[in-house]
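Given next are the chains, with one letter for each unit.
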Amino acid sequence: MSIDIEDHFDSDLNTHGFEVLTLCNKEHLFILNTLEVLDLKNLVEYGFMAIGLSSKTEALNL
């Protein structure tokens with residue numbers, strides 16, 4: 001969730017529009033474009049909501 005999506009729309013900050021993510025002690029490498037980053041952020045957000053670990057679920061239940 002720490003990926004700053006606004007940087008993807010500024011050609012000076014992110015020239016190519018890609019984000020490189022490494023996981024599992026750099027065993028796995030993901031190269032994502034802007035739309036894939038947005039999809040990943042939604043997946044993580046709604047995944048945590050589904051298992052009840054998100055603070056947004058509390059606001060929705062009130």
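The rules we used
Residues numbered from 1 in each chain as written. Predicted model: local features only at pLDDT ≥ 70, side-chain atom pairs only at ≥ 80, totals over all residues. Heavy atoms only, no water. Patch = residues over 30% accessible without salt bridge, like charges linked within 9 Å, V, L, I, M, F, W, Y side chains within 5 Å. Areas by Shrake-Rupley, 256 points an atom, 1.4 Å probe, with all protein chains shown as cover. Salt bridge = Lys/Arg side-chain N within 4 Å of Asp/Glu carboxyl O. Helix = DSSP H or I, 4+ residues; strand = E, 2+ residues; numbered from the N terminus. Buried < 20%, exposed > 50% of the residue type's maximum accessible area, 1.4 Å probe, protein only. Expected span 1.5 Å × (residues − 1). Arc of directions from axis to C-beta. Polar contact = N/O pair within 3.5 Å; in protein donor to acceptor, adjacent residues only side chain to side chain.

Participant: Tell me about a nonpolar patch on the surface, and name the residues and values.
Facilitator: A cluster of nonpolar residues, Phe 18, Val 20, Leu 29 and Ile 31, forms a patch on the protein surface that exposes about 410 Å² of accessible area. Looking at the nonpolar patch, the elements that each hand over two or more residues are strand S1 (18–23) and strand S2 (28–33). Tracing the chain through its elements places Leu 29 in strand S2. In this structure Leu 29 comes out as exposed when scored by relative accessible area, which is 53%.

Participant: Can you tell me about helix H1 (residues 34–50), naming the residues and giving the values?
Facilitator: For H1, with 17 residues, the first-to-last C-alpha span of 24 Å sits near the 24 Å given by 1.5 Å per residue. Three or more residues of H1 are buried, namely Thr 34, Val 37, Lys 41, Glu 45 and Met 49. Projection of H1 onto a plane perpendicular to its axis shows the buried side chains occupying an angular sector of 105°, all on one side. In H1, the exposed positions that point more than 90 degrees away from the buried face belong to Leu 35, Asp 39, Leu 43 and Ala 50. Looking at where H1 begins, the residue whose side-chain oxygen comes 3.2 Å from the main-chain nitrogen of Leu 35 is Asn 33.

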